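# Coordinate inspection notes
If you want the building blocks of each chain, they are given just below.
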Amino acid sequence: MSTDGTDESSWELDPEDESGAVIATVGRQLKMWREAAGLDRAKFGERMGYGANLIYKIERGARIPRPEFLDKADEVLGAGGKIAAMKADVERVRYPKKVRDLAKLESDAVEIGAYENVVVTGLLQTEEYARAFFGLRRPGFLEEEIERLVTARLARQKVLWQRPAPLLAVVQEEAVLRRPIGGKMVLRRQLEHLLEVGSLRNVEIQVMPTVVEDHSGLAASFKVMRLRDGTTVGHNDVQMASRLITEPKEVQILDMRYGMIRAQALTPRESMQFIEKALGET
């Protein structure tokens, strides 16, 4: 985040994101209202509390305005709620495209199978854990980007309480449950959260102990999602890339691999006992 706060109220827009048309329209509307009020960008930015450069980027559709920016603009320009009403349009495109795409798949799924060997799976992370995780990225994210990513991750978790909710079956490596990302207290709260969410009827958590010799998931973390239309897709998120897997042969391999991983891990009941023990040792 810049020290003068000029970038506090917007997010960078992915140039490959087709939602750019929505943001461009919002930007044009803001520009029309500003010009109708007889304000140049510098004067408008002064009244808004932001720099003229940020106003320029938002108006040309290169930045996504935050909800509070639109509220303030509505007030400054005397739009009577017409600018603030655009928050609903912005809300649909406020998260990165790959996050929106993944969230839609998860929402359409009847079953989500996830194997994670680095961190707690995103759908089960606490806010503190997610914030600490994104804060570890090197080179580092700006604070505003961390906030955006954390908000997006928490928004995805609503799928666990939708009706009907998908079955979420997760296999977590033991090492993940012992790595104190964010510090001991953040880890303790994360373990407590796993015990809470693990009691939901649509959530099953299994632990893969480090001592297990037979292991089918050493290649990487991944997801397998069975959708309502009967199709099955895979997904993996690795260094510098997020990939959706739809090729039937590749999906079949992931599905088979996931079944073997679950068979090699502790049962859900044994896993809850394992997490309780880890919590007591943290």
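Throughout, residues of each chain are indexed from 1 in the direction in which the sequence is written. Only residues with pLDDT of at least 70 get local features here, since the model is predicted, and only at 80 or more are side-chain atom pairs given and counted; chain-wide, interface and lining totals rely on the full set of residues. The side-chain values count all of the structure's non-hydrogen atoms but skip hydrogen atoms and water molecules.

## Digging into helix α10 (residues 184-197)
In DSSP terms, a helix is any run of H or I states spanning at least four residues, a strand is any run of E spanning at least two, and both are numbered starting from the N terminus. By definition here, a helix of n residues has an expected span of 1.5 Å times n minus one. For α10, spanning 14 residues, the distance from its first C-alpha to its last is 20 Å, which sits close to the expected 20 Å at 1.5 Å a residue. In this scheme, a residue with accessible area under 20% of its type's maximum is buried, one over 50% is exposed, and one in between is partly exposed, where area comes from a 1.4 Å probe on protein chains only. Those residues of α10 lying buried are Val-186, Leu-187, Gln-190, Leu-191, His-193, Leu-194 and Val-197. On an axial view of α10, the arc spanned by its buried residues comes to 160 degrees, and they lie on one face. Exposed and oriented more than 90 degrees from the buried face of α10 are Lys-184 and Met-185. Here a residue-residue contact requires only that any non-hydrogen atoms of the pair lie within 4.5 Å. Elements that come into contact with the buried residues of α10 comprise α7 (127-135), α9 (174-178), β5 (203-208) and α12 (268-281). Think of it as the arc spanned by the lines of direction from the helix axis to the C-beta atoms.

## With respect to the confidence of the model for the protein
Counting all residues, the mean pLDDT for the protein is 88, and 90% of those residues have values of 70 or more. Within the protein, the element-level pLDDT minimum falls on strand β1 (residues 10-12), averaging 52, and the maximum on α10, averaging 98. pLDDT is defined as a per-residue confidence score from the predictor, taking values between 0 and 100. With pLDDT under 50 throughout, residues 1-8 is counted as low confidence; its partners more than four residues away or in other chains account for 14 contacts.

## Examining the packing of aromatic side chains
Pairing of aromatic rings covers Phe, Tyr and the six-membered ring of Trp, with a centre-to-centre limit of 6.5 Å; geometry is then stacked below 30 degrees between planes, edge-to-face above 60, and tilted otherwise. Summed over all chains, the structure comprises five aromatic pairs. Relative to Phe-134, the ring of Phe-133 lies with its centre 5.3 Å away and its plane at 50 degrees, an arrangement referred to as tilted. Residue Phe-133 is classed as partly exposed on the basis of its relative accessible area, which comes to 27%. For the ring pair Phe-134 and Phe-141, a centre distance of 6.5 Å and an interplane angle of 70 degrees mean the geometry is edge-to-face. Overall, the relative accessible area of 10% leaves Phe-134 in the buried class. Residue classification places Phe-141 among the partly exposed residues on the basis of a relative accessible area of 27%. Ring-pair connections join several aromatic residues into one group, and the members of that group are Tyr-115, Phe-222 and Tyr-258.

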